[in-house]
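Observations on chain architecture
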Amino acid sequence: MISAVIRFPGSNRDRDMISALGKIGGNAPLEIWHTETNFPACDLIVIPGGFSYGDYLRSGAIAARSPVMREIAIRAKQGVRVLGVCNGFQTLTEAGMLPGALMRNAGLRFVCKQVKLKVENNTSPFTSRYQKGEVIPCPVAHHDGNYFADPITLKTLEDGGQVAFRYADGTNPNGSINDIAGITNEAGNVLGMMPHPENLIEADHGADAGRRLFEGALDTLESEAA
Amino acid sequence: MIKARITVTLKNGVLDPQGKAIEGGLASLGFEGVDSVRQGKVFDVELNSTDKDKAEADLATMCEKLLANTVIENYAVEIIT
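The structure contained in this document is the topic of the report that follows. (Residues numbered from 1 in each chain as written. Chains lettered and ligands numbered in written order. Predicted model: local features only at pLDDT ≥ 70, side-chain atom pairs only at ≥ 80, totals over all residues. Heavy atoms only, no water.)

1. Regarding the overall build of chain A
- Assigned secondary structure in chain A consists of 7 helices and 11 strands.
- Taken along its principal axes, the extent of the C-alpha atoms in chain A is 40 × 40 × 30 Å.
- When the 226 residues of chain A are sorted by exposure, 57% land in the buried category.
- Within chain A, counting contacts between residues at least 6 apart in sequence, those at least 24 apart form 73% of the total.
- Entry remark: accessible area of chain A is about 9100 Å², with carbon and sulfur atoms responsible for 50%.
- When the 21 positive and 25 negative side-chain charges of chain A are each reduced to one mean point, those points stand 4 Å apart. (Helix = DSSP H or I, 4+ residues; strand = E, 2+ residues; numbered from the N terminus. Buried < 20%, exposed > 50% of the residue type's maximum accessible area, 1.4 Å probe, protein only. Contact = heavy atoms within 4.5 Å. Areas by Shrake-Rupley, 256 points an atom, 1.4 Å probe, with all protein chains shown as cover. Lys, Arg positive; Asp, Glu negative; His and termini not counted. Charge placed at Lys NZ, Arg CZ, Asp CG, Glu CD.)

2. Section: helix α2 (residues 52-67) of chain B
All names here are of chain B.
- Given a rise of 1.5 Å per residue, 16 residues ought to cover 22 Å, yet the end C-alpha atoms of α2 are separated by just 19 Å, more than 12% below that figure.
- Listed as buried for α2 are A55, L59, C63 and L67. Down the axis, α2 shows its buried residues gathered within 80° of arc, on one side only. For α2, the exposed residues lying more than 90 degrees away from the buried face are D53 and K65.
- Next to the buried residues of α2 lie β1 (2-10), β2 (41-47) and β3 (73-79). (Expected span 1.5 Å × (residues − 1). Arc of directions from axis to C-beta.)

3. Considering the sheet that holds strand β10 (residues 180-184) of chain A
Residue and element names in this part refer to chain A.
- Strands sit in the order β2-β1-β3-β4-β11-β10-β9-β6-β7 across an open sheet of 9 strands; the sheet is mixed. With partners counted over all chains shown, the strands left at the sheet margins are β2 (30-33) and β7 (135-142), one partner each. Here the strands of the sheet are splayed against their neighbours by 25° on average, with no regard to which way each runs.
- Across 4 bridges, the pairing between strand β1 (residues 3-7) and β2 is parallel. Bridged to A4 within β2 is L30.
- Packed onto the sheet, helix α4 (residues 87-94) meets β3 (44-47), β4 (81-85), β10 and β11 (190-193) and runs at close to 120° relative to β4.
- Sheet strands touched by helix α5 (residues 151-159): β9 (163-167) and β10. Its angle to β10, the strand with the most contacts, is close to 75°. (Pairing = 2+ DSSP bridges. Axes fitted to C-alpha atoms, helices over the stretch in contact; angles between N-to-C directions.)

4. Some remarks on the nonpolar core
- Core analysis: the largest hydrophobic core is formed by 62 residues, its most contacted members being A:I72, A:L83, A:L117, A:F165, A:L213 and A:F214.
- Sort the elements by how many residues they give to this core and helix α1 (residues 14-25) of chain A lands first, with 5 residues.
- Setting aside residues up to four positions removed in sequence, A:I72 forms contacts with A:I6, A:F39, A:I45, A:I47, A:V82 and A:M97.
- Membership of the second largest hydrophobic core comes to 13 residues, among which are B:A4, B:V8, B:L67 and B:A68. (Core = buried A, V, L, I, M, F, W, Y, C linked by side-chain atoms within 4.5 Å.)

5. Here's the deal with the interface of chain B and chain A
- In this complex, chain B contributes 17 residues to the contact, which on the side of chain A involves 14 residues.
- Buried area between chain B and chain A, both sides added, is near 1200 Å², and the carbon and sulfur share of it is 68%.
- Its largest share of buried area at the contact with chain A, chain B owes to B:P17, B:L66 and B:V71, together 38% of the area lost on that side.
- Where chain B touches chain A, the interface holds 1 salt bridge.
- A:R58 is the salt-bridge partner of B:E73, the closest N and O atoms lying 3.7 Å from each other.
- The interface formed by chain B and chain A includes 5 residue pairs in polar contact (both at pLDDT 80 or more).
- Elements with a contribution of two residues or more to the side of chain B that touches chain A: α1 (17-28), β2 and α2 of chain B.
- Of the residues that constitute the side of chain B that touches chain A, the class distribution is 11 nonpolar, 3 polar and 3 charged. (Buried area = accessible area lost by both parts, 1.4 Å probe. Salt bridge = Lys/Arg side-chain N within 4 Å of Asp/Glu carboxyl O. Polar contact = N/O pair within 3.5 Å; in protein donor to acceptor, adjacent residues only side chain to side chain. Nonpolar A, V, L, I, M, F, W, Y, C, P; charged D, E, K, R; others polar.)

And the structure:
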């Protein structure tokens, strides 16, 4: 599969993401600057973490209105897989591609630590390599990760199985409603999450539970995944 | 030229941890009787136009599309001059 990583001014987890996609997918992802709209067809588009446009106005707000995002919205509707991590998740909500909003952490502090994630839904491509209910460790690093949605939207997400990951065992680091750490769109081909699976792919990271997210998203063969 | 002020505030029911921290700051300074503080944003916008109706409509569109996140925020547009 062909993957692509989008770069905005202020992206800073793009290199980690490029490295993870290359190591797991077997070929280097395309690197796409935010002004491009005419980039080659790809199967997976990743919006990495960082502080796009300095997070001016609201985190991800300016990035969400950039030319490349209009193209990504079109491709997502056609079924292309889209993953937004951290600032990428904020950008996807700001672009209206995922419901809700990410607000300032309830404790007001930037949090950089390891949390536990419970896999709530393993029917999306991103979560298909996990067991439902499985708990994995995962690092987070953010200031605005406090997920909020109005009660009707929240019910739709919960009833529709769109909550992909939830903070588990009392590790909610930011006050997110219903302990939500990651959600998909209705079709399941767009995932946004605050934690960083790209920083959890090899022994040196302390665990490699993030690999399976990319293996699912990239449809690598089980034999390669071993 | 038209000068306008846009005020963006958090919707009722949306928690405002920053407002809470400011509330604590005021209490630390000895201000008593502050029931609540909610933080918002103000944008002063100057438009190269004299058509106030169009300006109001344009400013509302700007709020809907960028200046406010209507999932969590309300906005108010005020034409000043």
